[in-house]
Amino acid sequence: AASASSKLFGVDSHAVCAVAGLRFDAALLVDECRRTAAAHRGRFGEPVPAGRLVSELCARAHTNTLLSSLRPLGASLLVAGHDRFSSFQLLSTDPSGASASHHAAALGHNAPAALELLRRRYRR
């Protein structure tokens, strides 16, 4: 099993992500995050909103499910970010290209146990 630190990645000065699933696919998605963040910062001079970042990732993942020449990506991401529009956000992606917003979330093999712990201890 990989350590927790090998599944956490900085995306930009305002965003980080955690990955679960196939390592190679996760690395592709993290690189896609970083490219999207850098392109947005270069074009607009400010950090990319977290929702936009996740939207771009989900478009890529969904495209892979549609084209017969590509295989679906086998990784999910949790993206935490801060921007001037939405303050703090926690968003998730899944291999189908779907996304969701969360107050608290977990991914991977131990997600059910982690979610149960969050349900018992987390207060909004």
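Residues numbered from 1 in each chain as written. Predicted model: local features only at pLDDT ≥ 70, side-chain atom pairs only at ≥ 80, totals over all residues. Heavy atoms only, no water.

Draft legend 1. How the structure looks around the pattern of salt bridges. Across all of its chains, the model carries seven salt bridges by this definition. A salt bridge links Glu32 to Arg35; the shortest N-O distance between them is 3.0 Å. In this pair, Glu32 and Arg35 are both assigned in helix α1 (residues 23-44), three residues apart and thus about one turn of the helix distant. Here Arg60 ties to Glu32 by a salt bridge, and the two come within 3.1 Å at their closest N and O atoms. Within this pair, whereas Arg60 is found in helix α2 (residues 50-66), its partner Glu32 is found in helix α1, the two being separated by 28 residues in sequence. Relative accessible area serves as the criterion here: at 26%, Arg60 is assigned to the partly exposed category. Sharing partners across several salt bridges, the network here consists of Glu32, Arg35 and Arg60. (Salt bridge = Lys/Arg side-chain N within 4 Å of Asp/Glu carboxyl O. Helix = DSSP H or I, 4+ residues; strand = E, 2+ residues; numbered from the N terminus. Buried < 20%, exposed > 50% of the residue type's maximum accessible area, 1.4 Å probe, protein only.)

Draft legend 2. The arrangement of the pairing of strand β5 (residues 99-102) in detail. With four bridges joining them, strand β4 (residues 87-93) and β5 adopt antiparallel strand pairing. When the bridges of β5 are listed, Leu91 appears paired with Ser101. Here β4 folds back onto β5 in antiparallel fashion, the turn holding five residues, of which Gly97 has a positive phi close to 100°. (Pairing = 2+ DSSP bridges.)

Draft legend 3. Here's a closer look at α2. Here α2 is 17 residues long and its end C-alpha atoms lie 25 Å apart, about the 24 Å a rise of 1.5 Å per residue gives. Buried within α2 we find Ala50, Leu53, Val54, Leu57, Cys58, Ala61 and Asn64. Taken end-on, α2 shows its buried residues confined to a sector of 125°, consistent with a single buried face. (Expected span 1.5 Å × (residues − 1). Arc of directions from axis to C-beta.)

Bear in mind that shape data such as this cannot, by itself, settle questions of function.
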